[in-house]
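Breakdown of the fold
Listed below are the residues making up each chain.
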Amino acid sequence: KIALYLYDIIPLTHPEYVHENTLINYLDYIGTYLLYADIILTSAESTLKKINELTDRYNMERINGCVCPLGADLQYAAAEDEEISSAVREAAKAGRYILMVGTIEPRKNHETVLRAFEAGLFEKGLRLIWVGNWGWNMEDLKKRVAGHSEYGNKFFIFSGLGDKELQYLYKNAYFLAFPSYTEGFGLPIVEAMKNGTPVLASDVDVMREVGG
């Protein structure tokens, strides 16, 4: 028996937000997976619904599915001797900040948040912290950030953080901004709420399901 854990089918539903190589590779194997899988596991009901719609569209027999939500116990994942860097502490102490967590890619919609800050949120004393690696098709934004007048002052970017550092940023954030155009689950929503941090998210089906 073959059990397939499928996190999302974003390359099919939103190909404009993935790298072209990702789309090519995805198309190469998704058909085979759906043909041979005996059961499909997903992290959200909305993802399972999209898979059923896909198999229906191509007159394929629906595959038995089961939803297995993702966990967010950062305090158990962090090593006991893990330290919080001075750079992270200083950024968090600089003032009230809005946090964004995830790969910096078109689908995550970082640019909209940055524009909101440039339109007045910086002036209101809010800081902006992004946590994540730079992804694909973001060259223009990367150049803009590198030359930004507030970068390193009211605007910070961190990558490669440990679990303890990430939880520290969640706990001290004014709120989490999660304006993605689409998601397979949206784990930062759960991580933020688990730390008592409010979430401002885009109106997407999976966000409503995961965030309540």
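This text gives an overview of the structure that appears in the document. What you are looking at is a predicted structure, and each value in this text was computed from that prediction instead of being measured. (Residues numbered from 1 in each chain as written. Predicted model: local features only at pLDDT ≥ 70, side-chain atom pairs only at ≥ 80, totals over all residues. Heavy atoms only, no water.)

A word on the pairing of strand S5 (residues 127-131). Of all the five residues making up S5, five are buried; the element is thus mostly covered by neighbouring parts of the structure. Bridge count between strand S4 (residues 97-101) and S5: five bridges; the pairing is parallel. Looking across to S5, one finds that Ile98 is bridged to Leu128. Taken together, S4, helix H6 (residues 110-121) and S5 constitute a β-α-β crossover, and its handedness is right-handed. Looking at chain direction, S5 and strand S6 (residues 155-158) are connected through four bridges and run parallel. The residue of S6 that forms the bridge with Ile129 is Phe156. (Buried < 20%, exposed > 50% of the residue type's maximum accessible area, 1.4 Å probe, protein only. Helix = DSSP H or I, 4+ residues; strand = E, 2+ residues; numbered from the N terminus. Pairing = 2+ DSSP bridges. Right-handed = clockwise from strand over helix to strand, strands pointing away.)

A pair can form between side chains of opposite charge whenever their charged atoms are brought close. What the rule picks out here adds up to eight salt bridges. Between Glu111 and Arg144 there is a salt bridge whose closest N-O contact spans 3.0 Å. Taken together, the residues Glu111 in helix H6 and Arg144 in helix H7 (residues 139-146) connect sequence positions 33 residues apart. On the basis of relative accessibility, which here comes to 36%, the residue Glu111 falls in the partly exposed class. Its relative accessible area of 28% is what places Arg144 among the partly exposed residues. With a closest N to O distance of 2.7 Å, Arg208 and Asp203 form a salt bridge. We note that Arg208, like Asp203, is exposed. When salt bridges with common partners are traced through the structure, they connect Glu105, Arg107, Lys108 and Glu183 into a single cluster. (Salt bridge = Lys/Arg side-chain N within 4 Å of Asp/Glu carboxyl O.)

The subject of this paragraph is the sheet that holds S4. Reading across the sheet, the five strands line up as S6-S5-S4-S7-S8 and stay open at both edges, with parallel pairing between neighbours. Every other strand in the sheet has two partners, leaving S6 and strand S8 (199-201) as the edge strands with one partner each. Strand-to-strand twist in this sheet, taken as the mean axis angle between neighbours without regard to direction, amounts to 20 degrees. Along the sheet, helix H9 (residues 187-194) contacts S4, strand S7 (175-178) and S8; its crossing angle with S7, the most-contacted strand, is approximately 170 degrees. (Axes fitted to C-alpha atoms, helices over the stretch in contact; angles between N-to-C directions. Contact = heavy atoms within 4.5 Å.)

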